[in-house]
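# A closer look at the structure
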Amino acid sequence: MSLHDDAVLVLKEYGGQEELRQLYLDHLDAHPDGMYKPCGAGHLTSSALVVDPEGGRVLLTLHRKLGMWLQMGGHCEPGDATVEAAALREATEESGIAGLSLLPGGPVRLDRHPIPAPCHWHLDVQYAALAPAGAVAEISEESLDLRWFAYEEVAGVADTSVVRLLESTLARL
């Protein structure tokens with residue numbers, strides 16, 4: 001199964017945000033290249049909010065290009081077998097934490113946001129990743145900073161998309 005086919009299957013099984021879910025499916029139907037960055041009409045991305053439920057905290061990265069505190073994530077790559085695998089790869093690369101596991105049940109949320117040209121939209125499929133006990137984060141070259149925040153601190157440092165992702169993650173935990 002191709003990554004494109006996997007994304008369609010994941011989105012068809014996703015049980016929320018019906019209008020946005022359908023927009024993603026329509027995009028993939030119209031754009032066979034819609035999984036990857038070169039698609040000028042926009043492309044799917046995959047991300048994961050790294051959580052430490054025992055510590056009541058989340059790991060956020062200060063994005064190098066955007067200067068915003070965000071969850072780990074980014075572009076799908078040809079070597080990614082699934083959208084879920086892309087989210088786990090990105091979370092592991094950007095957090096430096098080995099042994100992350102995605103919260104069962106598929107994506108936690110979808111988030112569509114504009115990005116600068118030549119592409120115009122990121123259609124983000126958002127997961128939650130559980131950090132193993134004693135996890136130590138290590139900053140990557142993609143970040144300006146990497147920091148754990150208590151759940152109640154997130155609204156003060158991140159935008160509403162991250163706050164909604166945290167809320168949906170906590171509801172699933």
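Here the structure is shown first, and the text comes after it.
Residues numbered from 1 in each chain as written. Predicted model: local features only at pLDDT ≥ 70, side-chain atom pairs only at ≥ 80, totals over all residues. Heavy atoms only, no water.

### Examining the overall build of the chain
Scanning the chain from N- to C-terminus turns up five helices and eight strands. Mapped from its N terminus to its C terminus, the chain presents α and β elements in the order α-α-β-β-β-β-α-β-β-β-β-α-α. For 173 residues, the compact-globule estimate of 2.2 N^0.38 gives 16 Å, and the C-alpha radius of gyration of the chain, at 15 Å, lies within 12% of that figure. If one aligns the C-alpha atoms of the chain with their principal axes, the spans along those axes are about 45 × 30 × 30 Å. Every one of the 173 residues in the chain was classed for burial, and the buried ones make up 47%. For the chain, the share of sequence-separated contacts (at least 6 apart) that also reach a separation of at least 24 residues comes to 66%. (Helix = DSSP H or I, 4+ residues; strand = E, 2+ residues; numbered from the N terminus. Rg over C-alpha atoms; globule rule 2.2 N^0.38 Å. Buried < 20%, exposed > 50% of the residue type's maximum accessible area, 1.4 Å probe, protein only. Contact = heavy atoms within 4.5 Å.)

### Observations concerning the packing of helix α1 (residues 3-13) against helix α2 (residues 18-30)
Interhelical geometry of α1 versus α2 gives an angle of 160° and a closest axis separation of 10 Å. Considered as vectors, α1 and α2 are oriented roughly antiparallel to each other. Once α1 is placed against α2, the crossing between them reads as left-handed. Of the residues in α2, those in contact with His4, Ala7, Val8, Leu11 and Lys12 of α1 are Arg21, Tyr24, Leu25 and Leu28. Tallied by class, residues from the contact of α1 with α2 come to six nonpolar, one polar and two charged. (Axes fitted to C-alpha atoms, helices over the stretch in contact; angles between N-to-C directions. Parallel < 35°, antiparallel > 145°, perpendicular 65-115°, else oblique. Left-handed = near helix turned anticlockwise from the far one by under 90°. Nonpolar A, V, L, I, M, F, W, Y, C, P; charged D, E, K, R; others polar.)

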